[in-house]
Amino acid sequence: MKYRTVGTDPTTRREVSVLALGAMLFGSRTDEETSFAVLDRYVEAGGTFIDTSDNYAFWIDGGQGGQSEELLGRWRRSRGVGDEIVIATKLGARPLAPGTGYVDNAEGLSAKVIRESAERSRDRLGVDRLDLLYAHIEDHRVPLQETVEGFAELVAEGTVGLLGVSNHAIWRVERARALAAAAGLPSYEVLQYAHSHLRPRLDVPEGLFPDGSLGHAGPELLSYLRAEPGLTLVAYSPLLKGAYTHPDRLPADFEHPGTPARLRVLREVAQETGATVNQVVLAWQIGAEPPIVPLVGASSVAQMEESLGAVDLELSAEQRARLDAAH
């Protein structure tokens, strides 16, 4: 395994594995035995960066979520896992009532919700401090200053380490960080957005984004990261939920003239290296500039093994140039 540091403050920054494991469906669609086996294999290989959320996976049973955090808590206790494993979680998108969702009825990012939700997450995970806590989705009902101060209070109390943000407009991320800096408060240092080698159309409206997706790492976010080297991008859905091996799963917003060319180069590099297309995608991200931490899901140990194989895959400068330039 390889590692990199996330965060800049010596009191909160952490060294994490360059490959993160997503636990979204653990304890719901992925049963406990399989979930534990995947987690065990990941840790055995040196993995130290696990991702969840307080609303995972509410859509499976129409509830409010919490199954993933609860399973991770049981796994931690059964394995004697301590703070050598960094567990990141998120708040703000938990439905306020069963049968609703985050588009129409999310808990939001008020100071009260931040405090209460973080406490519930700590209880489910069985930890005294959340290593990394994300603002999951935007909340336009609450003043940004309140959200910034709400997160900062938990850091000051020692119940949260690093702060992160996901699925926000970049201007709101920058505004939050500016408000925090002006007040001498900690703010977002880890950005989690969808990102893969194939590029989606960003102008397609979605439930949360009526003007087009703000949840993907597009040109503006990537240029922001180049200007702010202290920030880290964690890329969710890097393998597009299996679409590289099952083309019928490719989301509609990836169906445009640029996709075939990028797929063609991916397959060429996979053939040249003897790796799978999935491994090429992950290795391309791990060695990117600025660096990217891919966040992979796995519903079997075999899938976990394939992703782990990307860590030691070295792409040549020429291969990277071709992958970058394909369009």
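Remember, predicted model here, so these are calculated numbers, not experimental data.

Peer 1: What's the story with the overall build of the protein chain in this structure? I'm lost.
Peer 2: Each helix and strand in the protein chain was counted, giving 12 helices and 10 strands. Each of the three principal axes of the protein chain carries a C-alpha extent, and together these read 55 × 45 × 40 Å. A burial count over the protein chain gives 55% of its 327 residues as buried. Within the protein chain, contacts between residues separated by at least 24 positions form 74% of all contacts whose residues are at least 6 apart in sequence. If you sum the accessible surface of the protein chain, you get close to 14,000 Å²; carbon and sulfur atoms cover 51% of it.

Peer 1: Sorry if this is basic, but what is going on with the sheet that holds strand β6 (residues 130-135) here?
Peer 2: Across a sheet, paired strands are connected by hydrogen bonds in the backbone, their directions being either parallel or antiparallel. Strand order in the closed barrel made by the 8 strands is β3-β4-β5-β6-β7-β8-β9-β10, with parallel pairing throughout. Ignoring which end each strand starts from, the neighbouring axes of this sheet average 30 degrees apart. Note that strand β9 (residues 232-236) and strand β10 (residues 292-296) share 4 bridges and pair parallel. Paired with Val-234 across the two strands is Val-293, which belongs to β10. Each of β8 (190-194) and β9 touches helix α8 (residues 219-227); the most contacted strand, β9, lies at about 150 degrees to it.

Peer 1: Just to check I follow, could you spell out helix α10 (residues 277-286) for this structure?
Peer 2: The periodicity of an α-helix, 3.6 residues per turn, causes residues three or four places apart in sequence to face the same way. Along α10, 10 of the 10 residues are buried, which leaves the element largely enclosed by surrounding structure. Buried residues along α10 sit in contact with β1 (3-6), β9, α9 (258-273), β10, α11 (301-308) and α12 (317-325).

Peer 1: Even after reading the chapter, I still don't get the packing of aromatic side chains, so can you show me in this structure?
Peer 2: The way to describe two aromatic rings as a pair is by their centre distance and the angle between their planes. Tallying each qualifying case throughout the model produces 4 aromatic pairs. Clustering of aromatic rings is evident, with ring pairs tying together Tyr-56, Phe-58, Trp-59 and Tyr-102.

Peer 1: Help me understand α12 in this model?
Peer 2: By the burial criterion, the buried members of α12 are Gln-319, Arg-320 and Leu-323. The buried side chains of α12 occupy one side of the element, clustering within an arc of 100 degrees when seen end-on. Here the buried face of α12 lies against α9 and α10.

Peer 1: Honestly, unusual backbone geometry in this entry has me stumped. Any pointers?
Peer 2: If a residue is not glycine, its phi is most likely negative; likewise, a peptide bond is most likely trans. Cis peptide bonds are those with omega within 30 degrees of zero, and the linkage from Tyr-56 to Ala-57 qualifies with -10 degrees. With respect to the element layout, Ala-57 can be found in the loop between β4 (49-51) and α2 (58-61). Here Asn-167, not a glycine, exhibits a phi torsion of approximately 60 degrees, which is positive. Of note in this structure, Leu-240 is not a glycine but carries a positive phi near 50 degrees. Within the element layout of this structure, Leu-240 appears in the loop between β9 and α9.

Peer 1: In this structure, what is going on with the nonpolar core? I would like to understand it.
Peer 2: One recurring pattern in soluble globular proteins: nonpolar side chains tend to sit buried together. Counting residues in each nonpolar core, the largest one holds 92 residues, and the members touching the most others are Phe-49, Ile-50, Phe-151 and Met-304. With 7 residues, the single largest contributor to this core is α10. When near neighbours in sequence (up to four residues on either side) are disregarded, Ile-50 contacts Leu-21, Ala-23, Leu-39, Tyr-42, Leu-72, Trp-75, Ile-85, Val-86, Ile-87 and Ala-88.

Peer 1: How should the pattern of salt bridges be read in this particular structure?
Peer 2: Two side chains that carry opposite charge are able to pair once their charged atoms sit near each other. Counting across every chain of the model gives 19 salt bridges. Notably, a salt bridge pairs Arg-14 with Asp-131, separated by 3.1 Å at the nearest N-O pair. In this pair, Arg-14 is assigned in strand β2 (residues 14-17) and Asp-131 in strand β6, connecting sequence segments 117 residues apart. Classification of Asp-131 as buried rests on a relative accessible area of 11%. Where Arg-120 meets Glu-107, a salt bridge forms, and the shortest distance between an N and an O atom there is 3.5 Å. Taken together, the residues span a long stretch of sequence, with Arg-120 in helix α5 (residues 111-125) and Glu-107 in the loop between α4 (102-105) and α5 at a distance of 13 residues. Judged by its relative accessible area of 8%, Glu-107 falls in the buried class. Each of the salt bridges in this network shares a partner with another, and the network as a whole consists of Glu-268, Glu-272, Glu-318 and Arg-322.

Peer 1: Mind showing me how you'd approach the pairing of strand β5 (residues 86-91) here?
Peer 2: Moving residue by residue along a regular strand, the side chains alternate between the two faces of the sheet. When you tally the buried positions in β5, you get 6 out of 6 residues, the bulk of the element. Here β4 runs beside β5; their pairing, made up of 3 bridges, is parallel. Note on β5: the bridge partner recorded for Phe-49 is Val-86. Summarising the sheet, β5 and β6 pair through 4 bridges and their orientation is parallel. Pairing of Lys-90 across the sheet is with Tyr-134, part of β6.

What counts, and where the lines are drawn
- Residues numbered from 1 in each chain as written.
- Predicted model: local features only at pLDDT ≥ 70, side-chain atom pairs only at ≥ 80, totals over all residues.
- Heavy atoms only, no water.
- Helix = DSSP H or I, 4+ residues; strand = E, 2+ residues; numbered from the N terminus.
- Buried < 20%, exposed > 50% of the residue type's maximum accessible area, 1.4 Å probe, protein only.
- Contact = heavy atoms within 4.5 Å.
- Areas by Shrake-Rupley, 256 points an atom, 1.4 Å probe, with all protein chains shown as cover.
- Pairing = 2+ DSSP bridges.
- Axes fitted to C-alpha atoms, helices over the stretch in contact; angles between N-to-C directions.
- Phe/Tyr/Trp six-rings, centres within 6.5 Å; stacked < 30°, edge-to-face > 60°.
- Arc of directions from axis to C-beta.
- Core = buried A, V, L, I, M, F, W, Y, C linked by side-chain atoms within 4.5 Å.
- Salt bridge = Lys/Arg side-chain N within 4 Å of Asp/Glu carboxyl O.

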